[in-house]
Amino acid sequence: MPVAAAGPRILLKRLREVMAEPENTQNRLNKIAALIASNMIAEVCSIYVMRPGGVLELYATEGLNPTAVHKSKLRVGEGLVGTIAAEARPLNVQDAYAHPAFKYLPETGEEIYKSFLGVPLLRAGLTLGVLVVQNRASRLYTEDEEEALQITAMVLAEIIASGEFDEITADVEADVAHVRSHRVVGDSLADGIALGHVVLHEPRVVVTNLIAEDIQAEMERLDRSIHALQDWIEAAVQGLEIPRGEHREVLETYQMFAHDRGWLQRMREAVRTGLTAEAAVERVHSDNRARMLRQKDPFLRERLHDLEDLANRLLRILTGQSNTAASSSDLPKDAILVARNMGPAELLDYDRQKLRGVVLEEGGSTSHVAVVARALGIPLVGQASGVLDIVDTGDAIIVDGSGGEVHIRPSPDIEHAYAEKVRFYAKRQEQYRALRDVPAVTVDGERIALQINAGLLVDLPHLTDSGADGIGLFRTELQFMISSAFPRMDQQVAHYRSILDAAQGKPVVFRSLDIGADKVLPYLAQAKEENPALGWRAIRMALDRPALMKLQLRALLKAAGGRELSVMFPMVAEVDEFRRAREILDEQRDYLEQRGHLLPKRIRVGSMIEVPALVWQLDRLMEVADFVSIGSNDLVQFLFACDRGHPRLAGRYDPLSPAPLSIIRDIVRAGDAHGVPVNLCGEMAGRPLEAMALIGLGLRSISMAPTAIGPIKAMILKLDAGKLADYLLPLLDLPEHSLRPHIMAFARDNGVPI
Ligand code: PEP
Ligand code: MG
């Protein structure tokens, strides 16, 4: 039986010689076909090249009828050649005629050849053509032959894409493999709609130098880079480079693969056949990629994904291309980032002017990157599984952060519909902007303070844009979450000072660190907990290990020297906890005073009300707090014993129901009785119907996402608060699942826009 006579090594050498000869395109392809045929002891070798419209055209052949060149054509999916292109994988058949996909092309004279081996010409995930060898005798080609042809195909694809064959490839890229429109449904993690073009956060490395000059040297390069990769993973697993937490599992898988003998062995073998180290990585990588695309089991698919990431990293080490797209100088002006996952700090590295949206294969609503995307006002869809397999750099893409959908290479209809949506959205925003300087006063003259929730310096421009009265909740933990190490005192002081400067005299309520549960600091080791939401978090941590809180409170006091400082504590469950926290603040104030520091003009200390137990201590709390703020997200979660992030429980209980609304009413009344201001800063404050109900319960200060200010103000301007209170308060005695229909009816009957 014939085997790959001279092996790929000699063939690669000969190919390089052919490349060096001055030849025109056609002659060069003819020579290559002849070379492959003789090297593989094949009677036929044919090169099919992808043409516009997904047509594979016979471009050169050794063995078939030469008059068929440029005449024989097959569509993608048609015949054996078309099937190879469509599936982007090799086809090895003993009897071509017997194969159900076979299509007879009489002009080629191929009927006498039975055995058939074809491989796709793949480059950077695109199919540029198909390479085929055929023999008369009916047999299956060996694994070695298949491997040799794939290596040859890789080099051929590079030659085709190298520019010399521009006339061939000019239109191909737009028409092959990744051409279809796709809709991927994921989770909506940050609102908004963006139309733009794909930027891969971690660009794929394109290998251009394929044939080894010196095999020994290439082997050494490969070994060195594998060691560098293994070292990087060890460092990351030890927690030296990458945050612990959600990455950990992935890292451990990396670790396993990076020491996987099979994987390393296959790459070394590829170098031995005459490829450069990077070409060898790419070669093994594209096999994995093909396997991955066929994989149905999500767990295995995920693991192969890890392997793909690892190969990419290895390629970066070998080629020295170690940066993410953030450092690229040619970022399009409507960039939509696509990544498996990314950290919040990585997102902040991008030029905000050019960044329109983000799509992640992973990422949950509480992930830090989602928090930052919301702060930046960038639409984000997470859990968009499989997107990386179907996008290419520069593809048109739409991110619908509101509906949790991604459209890749959308049809003109979809694009049109979304462009319309964006226009509508912009028009609405325009109308809200017109309300910016109009005070939020109800029809019956009640002034409602509208504030924004913030957490990063990038949020501050929204304070002016929205015309809000101040910042009702500044989540200080966000800065800690995006840092790679604990922010030092001087960094904290500078940060808080710049927040106060940017607020230009409008009040800012800083909340002390609310960490634990889903808010993880990468550099702070935390034990795994059974029930993290009910665990050692926020004020509990702060009181047990006061060093962090002392540092933070001192930084806040210093930053607010000469100005007003408002601080509140999260997750307070009993008045005693609040008192102790307040004492720590007083100690820090005294400490600074003794050392002659400029102190804040006035210090206001408040408590969040998020734990139901505190509701039975309202009078005592009001005696010691300067203000309170209802954290309805947590309060409702604990009240109903219902995880706020659980997808199956979302919407099960309604905050517009008798229990939570009665509690809010009681808090408002206690505040009024003691002259203590009450605010509410949970998500419900940003939804017009819910906000309307809150005003009906007597709240006069609410804090929300900046984009909600416009719609909420539009609602307030048409609301008669007294009339609503008369209507709503008696309803709290109804034993109903939800009061929503009643509240909606009020809005409708009174023309309140919600
Ligand atoms: C809340 O619980 O309502 C709140 C505002 O705090 P966070 O969402 O940060 O837990
Ligand atoms: Mg909370």
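From a predicted model like this one, the values you see are computed outputs, not experimental measurements.

(A) Seen up close, the overall build of the protein chain. Looking only at helices and strands, the protein chain features 27 helices and 22 strands. Seen along its three principal axes, the alpha-carbon backbone of the protein chain occupies a region of about 100 × 60 × 40 Å. Across the 754 residues that make up the protein chain, the buried fraction comes to 53%. Partitioning the intrachain contacts of the protein chain with sequence separation of at least 6 by distance along the chain shows that 66% fall at a separation of at least 24. Of the roughly 32500 Å² of accessible surface on the protein chain, a fraction of 51% belongs to carbon and sulfur atoms.

(B) Molecular detail of the coordination of the magnesium ion (ligand 2). Those donors, Glu610 (OE) and Asp634 (OD), are the protein atoms that reach the magnesium ion (ligand 2), and they lie 2.0 Å from it. Placement of Glu610 in the loop between β19 (602-609) and α21 (618-624) and of Asp634 in helix α22 (residues 632-639) is noted, with a sequence separation of 24 residues between them. By relative accessible area, Glu610 is classed as buried at 2%.

(C) Representation of unusual backbone geometry. The phi angle at Arg409 is positive, at roughly 45 degrees, despite the residue not being glycine. A relative accessible area of 13% places Arg409 in the buried class.

(D) Broad picture of the side chain of His285. In this fold, His285 is placed in helix α9 (residues 277-294). Residue classification places His285 among the buried positions, given a relative accessible area of 8%. Every residue in contact with His285, bar those within four places of it in the chain, is listed here: Glu308 and Ala311.

(E) Geometry of the domain arrangement of the protein chain. For the protein chain, the assigned domains read domain 1 (7-179), domain 2 (182-203 + 325-415), domain 3 (215-319) and domain 4 (439-749). With centres defined by C-alpha atoms, the gap from domain 1 to domain 4 works out at 66 Å.

(F) Structural view of the packing of aromatic side chains. Scanning all chains against the criterion turns up 7 aromatic pairs. Ring centres of Tyr97 and Phe102 lie 4.8 Å apart, and the angle between their planes is 50 degrees; on these two criteria the pair is classed as tilted. A relative accessible area of 30% means that Tyr97 is categorised as partly exposed. Aromatic pair Tyr727 and Phe746: ring centres 5.2 Å apart, planes at 40 degrees, arrangement tilted. Residue Tyr727 is located in helix α26 (residues 721-731), and its partner Phe746 is located in helix α27 (residues 740-749); the two are separated by 19 residues in the primary sequence. The lysine or arginine in question, Arg554, covers the ring of Tyr591, its NZ or CZ lying 3.9 Å from the ring centre.

(G) The arrangement of empty space enclosed by the protein in detail. Per the counting criterion, the structure on display carries 1 cavity of 30 Å³ or more. Taken as a whole, the largest cavity spans an internal volume of roughly 90 Å³. In this structure, the largest cavity is lined by Tyr48, Leu74, Gly79, Leu80, Val81, Phe102, Lys103, Leu105, Glu110, Phe116, Val132 and Gln134. Of all the secondary-structure elements, those providing two or more residues to the lining of the largest cavity are α3 (79-87) and β6 (126-135). The dominant element in the lining of the largest cavity, judged by the number of residues it contributes, is α3, at 3 residues. Of the residues belonging to the lining of the largest cavity, the class tally is 8 nonpolar, 2 polar and 2 charged.

(H) Representation of the sheet that holds strand β10 (residues 335-339). Spatially, β7-β14-β13-β9-β10-β11-β12-β8 is the arrangement adopted by the 8 strands of the open sheet, whose pairing is mixed. A single partner strand is all that each edge strand has here, and the edge strands are β7 (182-185) and β8 (187-190). The average angle at which neighbouring strand axes cross in this sheet is 30 degrees, direction not considered. Where β7 lies against strand β14 (residues 405-408), 4 bridges are found, and the strand directions are antiparallel. Its bridge partner being in β14, Val185 is matched across the sheet by Glu405. Each of β9 (193-200), β13 (396-400) and β14 is contacted by helix α14 (residues 412-434), which is oriented at about 120 degrees to β9, the strand it contacts most.

(I) Broad picture of the sheet that holds β6. Strand order in the open sheet formed by 6 strands is β3-β2-β1-β6-β5-β4, and the pairing between neighbours is antiparallel. On the outer flanks of this sheet lie β3 (73-75) and β4 (91-93), each paired with one strand and no other. Within this sheet the neighbouring strands show an average axis-to-axis angle of 20 degrees, counted without direction. When strand β2 (residues 55-62) meets β3, the two strands line up antiparallel, connected through 3 bridges. What sits directly across from Glu57, in β3, is Lys73. Helix α2 (residues 25-39) rests against β1 (44-51), β2 and β6 of the sheet, and its axis sits at about 70 degrees to β2. Contacts from α3 reach β1, β2, β3, β4, β5 (115-123) and β6, with the element oriented near 35 degrees to β5.

(J) Inspection of the site of ligand 1 at higher detail. Around ligand 1 there are 14 residues in total, and Arg475, Arg511, Glu610, Asn633 and Arg644 lie nearest to it. Within the side chain of Arg475, an N or O atom sits 2.8 Å from an oxygen atom of ligand 1. For ligand 1, the accessible surface in isolation is 290 Å², of which the surrounding protein chains cover 98%. At 3 residues, α22 tops the list of elements feeding residues into the shell around ligand 1. Its residues assigned to classes, the shell around ligand 1 shows 3 nonpolar, 4 polar and 7 charged.

(K) A look at helix α4 (residues 143-161). The end-to-end C-alpha distance of α4 is 27 Å, a good match for the 27 Å that 19 residues give at a rise of 1.5 Å each. Most of α4 is tucked away, with 14 of its 19 residues classed as buried.

(L) Seen up close, the pattern of salt bridges. Under the counting rule described, the total for this entry stands at 39 salt bridges. Linking Asp634 and Arg537 is a salt bridge whose minimum nitrogen-to-oxygen distance equals 3.8 Å. Taken together, the positions of Asp634 in helix α22 and Arg537 in the loop between β17 (508-511) and α18 (538-544) put the pair 97 residues apart, joining distant regions of the chain. For Asp634, a relative accessible area of 4% gives the class buried. A salt bridge links Arg665 to Asp666; its shortest N-O distance comes to 3.2 Å. The class of Arg665 is buried, set by a relative accessible area of 17%. Residue Asp666 is classed as partly exposed on the basis of its relative accessible area, which comes to 31%. Each member of the salt-bridge network shares a partner with another, and the members are Glu477, Arg511, Asp514, Arg537, Asp634 and Arg644.

(M) Structural context of the side chain of Arg582. As for its position among the elements, Arg582 is in helix α20 (residues 575-594). When neighbours within four sequence positions are excluded, Arg582 is seen to be in contact with Phe569, Val605, Val624, Ala625 and Asp626.

(N) Broad picture of the packing of helix α24 (residues 688-696) against α27. The geometry of α24 relative to α27 is characterised by a closest axis approach of 10 Å and an angle of 90 degrees between their N-to-C directions. Of the possible angle classes, the one that applies to α24 and α27 is roughly perpendicular. Two secondary-structure elements touch here, α24 through Leu689, Glu690, Met692 and Ala693 and α27 through Arg740, Ile743, Met744, Phe746 and Ala747.

(O) Just the environment of Gly274, in detail. Its location among the elements puts Gly274 in the loop between α8 (261-272) and α9. Gly274 gets classed as buried once you look at its relative accessible area, which sits at 6%. Between the C-alpha atom of Gly274 and that of Val438, which follows or precedes it by 164 residues, the distance is 73 Å. If near-sequence neighbours (up to four positions away) are discounted, Gly274 is found in contact with Arg9, Leu12, Leu210, Ile211, Ala212 and Ile215.

The rules we used
Residues numbered from 1 in each chain as written. Chains lettered and ligands numbered in written order. Predicted model: local features only at pLDDT ≥ 70, side-chain atom pairs only at ≥ 80, totals over all residues. Heavy atoms only, no water. Helix = DSSP H or I, 4+ residues; strand = E, 2+ residues; numbered from the N terminus. Buried < 20%, exposed > 50% of the residue type's maximum accessible area, 1.4 Å probe, protein only. Contact = heavy atoms within 4.5 Å. Areas by Shrake-Rupley, 256 points an atom, 1.4 Å probe, with all protein chains shown as cover. Donors = N, O, S within 2.8 Å, 3.2 Å for Na, K, Ca; no water. Domains from an automatic or database assignment. Phe/Tyr/Trp six-rings, centres within 6.5 Å; stacked < 30°, edge-to-face > 60°. Lys NZ or Arg CZ within 6 Å of the ring centre and 35° of its normal. 1 Å grid on protein atoms, 1.4 Å probe; cavity = no way out; pocket = protein on both sides within 12 Å on 5 of 7 lines; lining within 4 Å. Points joined across faces, edges and corners; volume = space filled by probe spheres on them. Nonpolar A, V, L, I, M, F, W, Y, C, P; charged D, E, K, R; others polar. Pairing = 2+ DSSP bridges. Axes fitted to C-alpha atoms, helices over the stretch in contact; angles between N-to-C directions. Near = heavy atom within 4 Å. Polar contact = N/O pair within 3.5 Å; in protein donor to acceptor, adjacent residues only side chain to side chain. Expected span 1.5 Å × (residues − 1). Salt bridge = Lys/Arg side-chain N within 4 Å of Asp/Glu carboxyl O. Parallel < 35°, antiparallel > 145°, perpendicular 65-115°, else oblique.

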